[in-house]
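The primary structure of each chain is shown beneath.
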Amino acid sequence: MSNRLRVGMVGYKFMGKAHSNAYRSLPMFFPSAPLQPEMAVICGRNEQGVQEAANQFGWSESVTDWRELVRRDDIDLIDINAPSDAHKEIALEAARQGKHLFCEKPLALSLADSREMLQAAEEAGVAHMVGFNYRFSPAVQLAKELVQSGRLGKIYHFRAFFLQDWIMDPSFPLVWRLQKEVAGSGSHGDLGAHLIDLARFLVGEFKEVIGMSETFIKERPLASEMTGLSAKGSSNADAPKGEVTVDDATLFLARFADGALGSFEATRFAAGHRSTNSFEINGSLGSVRFDFERMNELEVYFTKDDEDVQGFRRVLATDPAHKYAEAWWPAGHTIGFEHTFTHEMLELVTAISEGRQPEPSFHDGVACQAVLEAVERSVTERRWVSLEEM
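Since the model is a prediction, treat every value here as computed from it, not as a measurement.

### Considerations on the pattern of salt bridges
Line of reasoning, step 1. All chains considered together, the criterion is met by 29 salt bridges.
Line of reasoning, step 2. The closest approach of N and O atoms between Lys-105 and Asp-190, which form a salt bridge, is 2.9 Å. Of this pair, Lys-105 sits in the loop between strand E5 (100-104) and helix H5 (111-124) while Asp-190 sits in helix H8 (residues 187-202), and the two are 85 residues apart along the sequence.
Line of reasoning, step 3. On the basis of relative accessibility, which here comes to 10%, the residue Lys-105 falls in the buried class.
Line of reasoning, step 4. As a salt-bridge pair, Glu-280 and Arg-159 come within 3.5 Å of each other at their nearest N and O atoms.

### Considering the sheet that holds strand E6 (residues 128-131)
Line of reasoning, step 1. Read across the open sheet, the six strands follow the order E3-E2-E1-E4-E5-E6; overall the sheet is parallel. Lying at the two open borders of the sheet, with one neighbouring strand each, are strand E3 (61-63) and E6. Sheet twist, expressed as the average angle between the axes of neighbouring strands with direction ignored, equals 25°.
Line of reasoning, step 2. Across four bridges, strand E4 (residues 77-80) lies against E5 in parallel orientation. Among the inter-strand pairings, Ile-78 is bridged to a residue of E5, identified as Leu-101.

### Topic: the nonpolar core
Line of reasoning, step 1. Among the nonpolar cores identified, the biggest contains 113 residues, and Ile-78, Phe-158, Phe-206, Phe-264, Phe-279 and Ile-281 are the most heavily contacted of them.
Line of reasoning, step 2. Both of domain 1 (4-133) and domain 2 (138-294 + 296-335 + 360-381) provide at least three residues apiece to this core.
Line of reasoning, step 3. Beyond its immediate sequence surroundings of up to four residues, Ile-281 is in contact with Val-147, Leu-152, Ile-155, His-157, Phe-158, Leu-202, Val-203, Gly-286, Ser-287 and Val-288.
Line of reasoning, step 4. The next biggest cluster of nonpolar side chains, apart from the first, holds 10 residues, and it includes Ile-167, Leu-174, Leu-178 and Val-246.

### A closer look at the pairing of strand E1 (residues 4-10)
Line of reasoning, step 1. Of all seven residues that make up E1, five are buried, and the element is covered over most of its length.
Line of reasoning, step 2. As judged from the seven bridges shared by E1 and strand E2 (residues 36-43), these two strands associate in the parallel manner. Within E2, the residue paired with Arg-6 across the bridge is Glu-38.
Line of reasoning, step 3. Regarding topology, helix H1 (residues 14-29) serves as the crossover connection from E1 to the parallel E2, and that connection is right-handed.

### A short note on the environment of Asn-46
Line of reasoning, step 1. Within the fold, Asn-46 resides in the loop between E2 and helix H2 (47-57).
Line of reasoning, step 2. For Asn-46, a relative accessible area of 42% corresponds to the partly exposed category.
Line of reasoning, step 3. For the pair formed by Asn-46 and Val-63, sequence separation is 17 residues and the distance between their alpha carbons is 9.2 Å.
Line of reasoning, step 4. Residues within four places of Asn-46 in sequence aside, it is in contact with Tyr-12 and Thr-64.

### With respect to the layout of surface pockets
Line of reasoning, step 1. In this structure, the second largest pocket occupies an estimated 260 Å³ of space.
Line of reasoning, step 2. Around the second largest pocket, the lining residues are Arg-135, Phe-136, Gln-141, Lys-144, Arg-200, Phe-201, Glu-205, Lys-323, Tyr-324, Glu-347, Glu-359 and Asp-364.
Line of reasoning, step 3. Of all the secondary-structure elements, those providing two or more residues to the lining of the second largest pocket are helix H6 (138-148) and H8.
Line of reasoning, step 4. Here the lining of the second largest pocket is built from residues that sort into three nonpolar, one polar and eight charged.

### A word on the sheet that holds strand E16 (residues 286-291)
Line of reasoning, step 1. Here we have nine strands laid out as an open sheet, ordered E18-E17-E16-E15-E7-E14-E13-E8-E19, and mixed in their pairing. Two strands lie at the open edges of the sheet, namely strand E18 (313-316) and strand E19 (385-386), each paired on one side alone.
Line of reasoning, step 2. Here strand E7 (residues 155-163) runs beside strand E15 (residues 276-283); their pairing, made up of eight bridges, is antiparallel. By the bridge assignment for E15, Phe-162 is matched with Asn-277.
Line of reasoning, step 3. Along the sheet, H8 makes contact with E7, strand E8 (206-214), strand E13 (249-256), strand E14 (261-267) and E15, crossing E7 at roughly 155°.
Line of reasoning, step 4. Against the sheet, helix H10 (residues 362-381) contacts E8, E13 and E19, and its axis sits at roughly 55° relative to E8.

### Here's the deal with the environment of Arg-115
Line of reasoning, step 1. Considering the arrangement of structural elements, one finds Arg-115 in helix H5.
Line of reasoning, step 2. For Arg-115, a relative accessible area of 41% puts it in the partly exposed group.
Line of reasoning, step 3. Along the chain, Arg-115 and Ala-367 lie 252 residues apart, while their C-alpha atoms are 9.3 Å from each other.
Line of reasoning, step 4. Residues within four places of Arg-115 in sequence aside, it is in contact with Val-366 and Met-390.

### Observations regarding the UniProt feature "domain: Gfo/Idh/MocA-like oxidoreductase N-terminal" (unreviewed entry) in the protein chain
Line of reasoning, step 1. The positions UniProt marks with the feature "domain: Gfo/Idh/MocA-like oxidoreductase N-terminal" (unreviewed entry) are residues 5-132.
Line of reasoning, step 2. The span residues 5-132 is 44% helix and 23% strand, and its two end C-alpha atoms sit 21 Å from each other.

### Details of the packing of aromatic side chains
Line of reasoning, step 1. Tallied over the entire structure, the rule returns 24 aromatic pairs.
Line of reasoning, step 2. Geometrically, the ring pair formed by Trp-328 and Trp-329 is tilted, given 6.5 Å between the ring centres and 50° between the ring planes.
Line of reasoning, step 3. Judged by its relative accessible area of 40%, Trp-329 is partly exposed.
Line of reasoning, step 4. For the cation-ring pair, Lys-144 lies above Phe-201, with the distance from its terminal atom to the ring centre recorded as 4.7 Å.
Line of reasoning, step 5. Seen from the ring of Phe-312, Arg-289 lies directly overhead, with NZ or CZ sitting 3.7 Å from the centre.

### Here we look at H1
Line of reasoning, step 1. Taking 1.5 Å as the rise per residue, H1 with 16 residues should run 22 Å; its terminal C-alpha atoms sit 22 Å apart, in good agreement.
Line of reasoning, step 2. Of the positions making up H1, those classed as buried are Met-15, Gly-16, Ala-18, His-19, Ser-20, Ala-22, Tyr-23, Ser-25, Leu-26 and Phe-29.
Line of reasoning, step 3. Looking at the buried residues of H1, the elements they touch are E1, E2, H2, E4, E5 and helix H9 (337-354).

The rules behind these values
Residues numbered from 1 in each chain as written. Predicted model: local features only at pLDDT ≥ 70, side-chain atom pairs only at ≥ 80, totals over all residues. Heavy atoms only, no water. Salt bridge = Lys/Arg side-chain N within 4 Å of Asp/Glu carboxyl O. Helix = DSSP H or I, 4+ residues; strand = E, 2+ residues; numbered from the N terminus. Buried < 20%, exposed > 50% of the residue type's maximum accessible area, 1.4 Å probe, protein only. Pairing = 2+ DSSP bridges. Axes fitted to C-alpha atoms, helices over the stretch in contact; angles between N-to-C directions. Core = buried A, V, L, I, M, F, W, Y, C linked by side-chain atoms within 4.5 Å. Domains from an automatic or database assignment. Contact = heavy atoms within 4.5 Å. Right-handed = clockwise from strand over helix to strand, strands pointing away. 1 Å grid on protein atoms, 1.4 Å probe; cavity = no way out; pocket = protein on both sides within 12 Å on 5 of 7 lines; lining within 4 Å. Points joined across faces, edges and corners; volume = space filled by probe spheres on them. Nonpolar A, V, L, I, M, F, W, Y, C, P; charged D, E, K, R; others polar. UniProt positions renumbered as here; feature names shortened; annotations may be inferred. Phe/Tyr/Trp six-rings, centres within 6.5 Å; stacked < 30°, edge-to-face > 60°. Lys NZ or Arg CZ within 6 Å of the ring centre and 35° of its normal. Expected span 1.5 Å × (residues − 1).

Here it is, written out as structure tokens:
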């Protein structure tokens, strides 16, 4: 078997750039990875735009028809980071063609669609991974080890929030992330999905949820141009507008299967918060706190410390003892957002080489979607919703 993994990628903007950087970085910093990605073909609807992306990011070829791409014999993996409404169709066809799958979150627009994607991947016998990159921060991996090893004791609380402010201006255009038929949901599925995955990764399965949500700005000017999280539109008060059909903010409470309690907040209306992704875990023997804006740090507290020195300590997760850290820079030399994607791709290629499913897989994408939809049902019906109902 060749040690090359020939990648075809659908999407070339925000996540396309992040994934491309990860594929390029993997051979340099993880040369012992069992498979090395070959950036073969990048795909996008705009011929000029995708060609420019291919040149900039380092892809050998660009195409505009994803159907042509997934049917090619010289491609092993299909990387899907197009808008959410395209995930299902691309994944189903790629699975039928026997291609391994990497898909950005949320996996699909609905729980039913995500289950269909998982079934197709399983029937095809291909590897399947969903893009929850925050799991791959060394500090988050440290938190996982502290929970899993029992050093925090019995877990009582998981509280998390993901706060942004990029659409607070009422004149900001109606981008695809604000349209339910394309995005599936707003801050809930975009930001809250990451919190849900981190909770499942660190604490365990959800039992029941109850939530509330709000759309603060009901209409926005139509967008004339969209790139990543930015867009252009008319600032004229008489400019045509469209309806915002997703949530601007969603909050919910949760009970976990093991008895722990959870609280979650996802909003794009928290002034001053560019991207505050944070969680805290409280256990019988200690606590941890994490904020992705200081992603190299984990605050750790142990109840068994002597009373005169008790308190949260700052652990800089850059030493060789911390997962992935040794591949990068000397201790104390920090890493950034883009490195989480490289770690993600390392897990993907290693799993494919070992003949196992990567983590997180489409199973995790389905489980996350079940929680998302349970919260949405709770908001609509104004009651606690059990995950067993989903």
